[in-house]
Amino acid sequence: MKTDKLIAVALASMTICAGVYAQSSKSGNETSVESEYMSSMEDIVITEMANSDQRDNKLVALQYLEAAADKGNVSPDMVRALDLLSGEGISTQSRTKGRLANNYPDIRAKACDILGKIGTEEAAYVLTNVVKNDNEPWVLSRAIRALGEIGSNEDDKVTDTIAFISNRVEVLNPTSSLANEIVDAYEKLLPETKNKKPVID
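Residues numbered from 1 in each chain as written. Predicted model: local features only at pLDDT ≥ 70, side-chain atom pairs only at ≥ 80, totals over all residues. Heavy atoms only, no water.

Colleague: I'd like to hear about unusual backbone geometry, residue by residue, with values.
Modeller: Positive phi outside glycine occurs at Lys-97, with the angle close to 55°. Inspection of the secondary structure puts Lys-97 in the loop between strand S1 (95-96) and strand S2 (99-100). (Helix = DSSP H or I, 4+ residues; strand = E, 2+ residues; numbered from the N terminus.)

Colleague: Just give me the short version of the nonpolar core, but keep the residues and values in it.
Modeller: Grouped together as the largest cluster of nonpolar side chains are 45 residues, with contacts concentrated most on Leu-65, Leu-82, Leu-127 and Ile-162. When residues of this core are traced back to their parent elements, those giving at least two are helix H2 (33-51), helix H3 (55-71), helix H4 (76-86), helix H5 (105-118), helix H6 (121-133), helix H7 (137-150), helix H8 (157-172) and helix H9 (179-189). What Ile-162 contacts, discounting residues up to four positions off in sequence, is Ile-144, Ile-182, Ala-185, Tyr-186 and Leu-189. (Core = buried A, V, L, I, M, F, W, Y, C linked by side-chain atoms within 4.5 Å. Buried < 20%, exposed > 50% of the residue type's maximum accessible area, 1.4 Å probe, protein only. Contact = heavy atoms within 4.5 Å.)

Colleague: Any details on the environment of Ile-118? Residues and values, ideally.
Modeller: Tracing the backbone shows Ile-118 in helix H5. Remark: the alpha-carbon pair of Ile-118 and Lys-71, spanning 47 residues in sequence, is separated by 9.8 Å.

Colleague: Can you explain the environment of Met-49? Please cite residues and give values.
Modeller: In this fold, Met-49 is placed in helix H2. For the pair formed by Met-49 and Val-60, sequence separation is 11 residues and the distance between their alpha carbons is 7.6 Å.

Colleague: Account for the packing of H5 against H6, naming residues and giving values.
Modeller: With their axes 9 Å apart at the nearest point, H5 and H6 run at an angle of 150° to one another. As the angle between them shows, H5 and H6 are arranged roughly antiparallel. Here H5 runs over H6; the crossing is left-handed. For the pair H5 and H6, contact is made by Cys-112, Leu-115, Gly-116 and Ile-118 and by Ala-123, Val-126, Leu-127 and Val-130, respectively. Looking at the contact of H5 with H6 residue by residue, the class counts come to 7 nonpolar, 1 polar and no charged. (Axes fitted to C-alpha atoms, helices over the stretch in contact; angles between N-to-C directions. Parallel < 35°, antiparallel > 145°, perpendicular 65-115°, else oblique. Left-handed = near helix turned anticlockwise from the far one by under 90°. Nonpolar A, V, L, I, M, F, W, Y, C, P; charged D, E, K, R; others polar.)

Below is the structure:
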């Protein structure tokens, strides 16, 4: 618990210092050693919070990551932290006496939303992995929606992944509510799609 409080205090201090430094800067385009250092420290703290065993720390990390995405100020380390959070309980599992202790679909879903806001090729890659590996309809719908918002479909990888999950859901859970998200994502991805057969099917 003490470690969690220290991390939260360190993150708050860095945020305040970064704000003060930004106000004292002469030009918005200037970069300095101090600002880069503060940015890297913030990345480290966010990554540590994302890696924490405590669910509350993961939620705080998501708040900071969403604020960074809204400002368009996301580093590669932040995308890696979102990669970890989007796989919480699926690709990264923690067990207590054989029981999965970190199955947090709400955290995975929120990470997908933030990745959609970031909108980079790296974010799209993380989201396609979520679609391939997750089994929670709520998370899948958010990941598919985010992929549609990004709109990138290099070599039809995204539409092929969505077609795969569409077929899987149709077989395993025909009453799933993913149809709307799938159709919306296909509509947004259609201009970037070379092979339109999976979309038409």
